[in-house]
Amino acid sequence: MDSAYAIPSQTRETVTSLPKAKDMTHHLNQVTKNRQASSLKELYKYMTYPGMSIMSWLFPATSQNSSFTIPKYVSGPPNPAAIQLSTSLQYQSATGPPALPLFLREYVEKVYKPAYADWDVLINVGATDGWSKIVQLLLEYGDAILVEEWTYPGAENTFLPYEIERVAVKMDAEGMLPEHLESVLRGWDEEKRGKRRPHVMYTIPTGQNPTDVIICEDEPYYCLYTGEWTPKGSASERSVVAQRLADAEKEEGSEGNEAFIKALPPSFLAFDVDGRVIRMDVSVGNLNDADSQTFSKTSTPGSRLGWITTSPLFIERLTRATEAGTQAPSGFATALTTTMLQQYGFDGYIRWLRGIKALYNMRKTWLCDALADEFHLEFNSRSTLFPERSQTITGYAKRASSAWDEKRGLKGPALLTFIPPTDNLVLFAPGWGFDAGGEHAIGGNGYGYYRLAFSIATYEEVRVAMGTFSKVLTKFFRV
Ligand SMILES: Cc1ncc(COP(=O)(O)O)c(C=O)c1O
């Protein structure tokens, strides 16, 4: 891993002859005092350790850039959709260059198929920025918010400083369990809880149908769902229809593009006739070459450019918030991304996403195969830790449950056994960082959790990493 990922403050030496800054903590407001370090960003400090295999995060590999030229001035008659540096590097309206929402509207229309007429899009500085603006749009200090029992810690970091209570809803492979969601909302006693019933849900979705809440859909991985993993030597359990769709996706041209769009999990936007969904998308800008080693999600996270799709009321309010906050995303990011999208066009962009999906499918298979070779995997129809097919590594949990209980105070062995100085240089994200603090329908007491990402590791790294994982677990549990 590139040493540029090192955290600068850890290595900085201060000039000792000068006085140090005085403690001004008493001037901080409560929200700022409440802020905690990100459990994911905390892992950066281990990433530069020589020889470390990074399985913890969807992290971009080094990329080669596509090359194109952006003119300072575009010649010819005035064209609002043209991208020129003379405009892009000036102050811009909060909605960015007109060509970008034009592309995004076409994309949302054809891919998400919203179910009401006057939806619109608004660009932002990535989903984290979008979510922070949504939290300030909808939530009061001390409110409660619905989240899945396993959720994204980056999103929690945004609202927890406002002392907003997480209400964890149990989930299965397809998202929140409707019956648990209903019982949470129905049984909410405002007097007893001392706060109003939750009216906002943050979801990394598939398939819930709650009433009178605003659904904030944050699904950066929607086009990377790659279908079931089939262990070597066993037959696929796909239906005939699903198999036909999978075959059609392999076709070049519009037939393959259409099959790809059809296979995407639907957005809540496709069911929302009220304007109660706010969908966040991470950045569209992908300057990575179409080389198979170079993607992370669908984008270069460093471009810090994303967008929101929602109703006119929320778009207008969020535009005001943008004007008073970020003003607009960086002109460099919007100019590069919009030029690239104009070159691709809608069909070219879909083709690009299909390439990424194929890459992720390959890497998912590497990881699942390596796990199957190292561990005894048991299929479990009630709990899903693997894409679309319910599989958990219950062999270890069962055999080692007494050892686990004995050591449970350690929050799970990930960080404690995998950090330097050991030979076991594999970095996973410990699962507790994603735990929304409620009861678990997936797992429960006696289970350890890890988040494994397969975005950047090579085939060899995955094999070595899973071998090390197995070795460390065996030693830890003394099995
Ligand atoms: C669920 C989820 N939401 C949001 C983000 C961050 O998105 P962005 O980089 O656009 O701020 C991530 C990144 O890992 C994520 O996993």
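Keep in mind it's a predicted model, so treat the numbers as computed, not measured. (Residues numbered from 1 in each chain as written. Predicted model: local features only at pLDDT ≥ 70, side-chain atom pairs only at ≥ 80, totals over all residues.)

Observations concerning the overall build of the chain
Next up, step 1: When its secondary structure is counted, the chain shows 17 helices and 15 strands.
Next up, step 2: The burial tally for the chain puts 34% of its 479 residues in the buried class.
Next up, step 3: In the chain, the share of contacts with a sequence separation of at least 24, taken over all contacts with a separation of at least 6, comes to 68%. (Helix = DSSP H or I, 4+ residues; strand = E, 2+ residues; numbered from the N terminus. Buried ≥ 20, exposed ≤ 12 C-beta atoms within 10 Å, placed from the backbone. Contact = placed C-beta atoms within 7 Å.)

What about the site of the ligand?
Next up, step 1: As a matter of local geometry, the ligand sits amid 13 residues, with Gly126, Ala127, Thr128, Tyr152 and Val282 nearest to it.
Next up, step 2: Class assignment for the residues of the shell around the ligand results in seven nonpolar, five polar and one charged. (Near = placed C-beta within 6 Å. Nonpolar A, V, L, I, M, F, W, Y, C, P; charged D, E, K, R; others polar.)

Points about the confidence of the model for the chain
Next up, step 1: Considering every residue of the chain, the mean pLDDT works out to 79; 77% of them sit at 70 or more.
Next up, step 2: In the predicted structure, residues 60-65 sits below a pLDDT of 50 and forms 16 contacts with residues beyond four places in sequence or in another chain.
Next up, step 3: In the model, residues 285-297 has pLDDT below 50 throughout and makes 45 contacts with residues more than four positions away in sequence or in other chains. (pLDDT = per-residue confidence, 0-100.)

Focus: the pairing of strand E10 (residues 306-310)
Next up, step 1: With five of its five residues buried, E10 lies for the most part within the structure.
Next up, step 2: Across five bridges, strand E2 (residues 120-124) lies against E10 in antiparallel orientation. Paired with Asn124 across the bridge in E10 is Gly306.
Next up, step 3: Here strand E9 (residues 277-281) pairs with E10 via three bridges, running antiparallel. The residue bridging Arg279 from the neighbouring strand is Thr309, located in E10. (Pairing = 2+ DSSP bridges.)

Comments concerning the environment of Ile145
Next up, step 1: On the secondary structure map, Ile145 appears in strand E3 (residues 144-148).
Next up, step 2: Given 24 C-beta atoms within a 10 Å radius, Ile145 is considered buried.
Next up, step 3: The spacing of Ile145 and Ile164 is 19 residues in sequence and 6.9 Å in space, taken between C-alpha atoms.

Considerations on the sheet that holds strand E8 (residues 214-218)
Next up, step 1: With respect to topology, seven strands assemble into an open sheet ordered E2-E10-E9-E8-E7-E3-E4, the strand pairing being mixed. The sheet terminates laterally at E2 and strand E4 (165-169), the two strands that pair on one side only. With strand direction ignored, the average angle separating the axes of adjacent strands in the sheet is 25°.
Next up, step 2: Across the sheet, helix H5 (residues 99-112) is in contact with E2 and E10; its angle to E2 comes to roughly 125°. (Axes fitted to C-alpha atoms, helices over the stretch in contact; angles between N-to-C directions.)

Re H5
Count 3.6 residues to each turn of an α-helix, and residues three or four apart come out pointing the same way.
Next up, step 1: In this model, H5 (14 residues) spans 19 Å end to end at C-alpha, consistent with the 20 Å of a helix rising 1.5 Å per residue.
Next up, step 2: Against E2, helix H11 (253-263), E10 and helix H13 (331-374) lie the buried residues of H5.
Next up, step 3: A positive backbone phi angle near 50° is found at Lys113, which sits one or two residues after H5. (Expected span 1.5 Å × (residues − 1).)

Section: unusual backbone geometry
Next up, step 1: One non-glycine residue, Arg304, lies in the positive phi region at around 45°.
Next up, step 2: Tracing the chain through its elements places Arg304 in the loop between E9 and E10.
Next up, step 3: Of the residues examined, Arg304 has 20 C-beta atoms within 10 Å and is grouped as buried.
Next up, step 4: With a phi close to 70°, Gln327 is a non-glycine residue in the positive phi region.

Comments concerning the packing of H5 against H13
Helix packing geometry: the angle between the two helix axes and the distance between the axes.
Next up, step 1: Between H5 and H13, whose axes approach to 9 Å, the crossing angle comes to 45°. On the basis of the axis angle, H5 is oblique to H13. As H5 runs across H13, the sense of the crossing is left-handed. Residues Ala99, Leu100, Phe103, Glu106, Tyr107 and Lys110 of H5 lie in contact with H13, whose contacting residues are Thr334, Thr338, Leu341, Gln342 and Phe346.
Next up, step 2: Residues belonging to the contact of H5 with H13 are distributed by class as follows: six nonpolar, three polar and two charged. (Parallel < 35°, antiparallel > 145°, perpendicular 65-115°, else oblique. Left-handed = near helix turned anticlockwise from the far one by under 90°.)

Overview of the nonpolar core
The nonpolar side chains of soluble globular proteins are, as a tendency, buried together.
Next up, step 1: If you look at the biggest cluster of nonpolar residues, it comprises 64 residues, and the most contacted ones within it are Ile145, Val167, Val169, Cys216 and Ile278.
Next up, step 2: With 11 residues, H13 is the largest single contributor of residues to this core.
Next up, step 3: When sequence neighbours within four positions are dropped, the list of residues in contact with Cys216 reads Ile134, Val200, Met201, Tyr202, Thr203, Ile278 and Met280.
Next up, step 4: Judged by nonpolar contacts, the second largest core, of 19 residues, contains Cys368, Ile456, Ala457 and Val462. (Core = buried A, V, L, I, M, F, W, Y, C linked by C-beta atoms within 7 Å.)

Re the environment of Tyr73
Next up, step 1: With respect to the element layout, Tyr73 can be found in the loop between strand E1 (53-54) and helix H4 (85-88).
Next up, step 2: When the 9 C-beta atoms within 10 Å are taken as the criterion, Tyr73 is described as exposed.
Next up, step 3: The sequence separation of Tyr73 and Ile83 amounts to 10 residues, and the corresponding C-alpha distance is 8.5 Å.
Next up, step 4: Beyond its immediate sequence surroundings of up to four residues, Tyr73 is in contact with Gln84 and Ser86.

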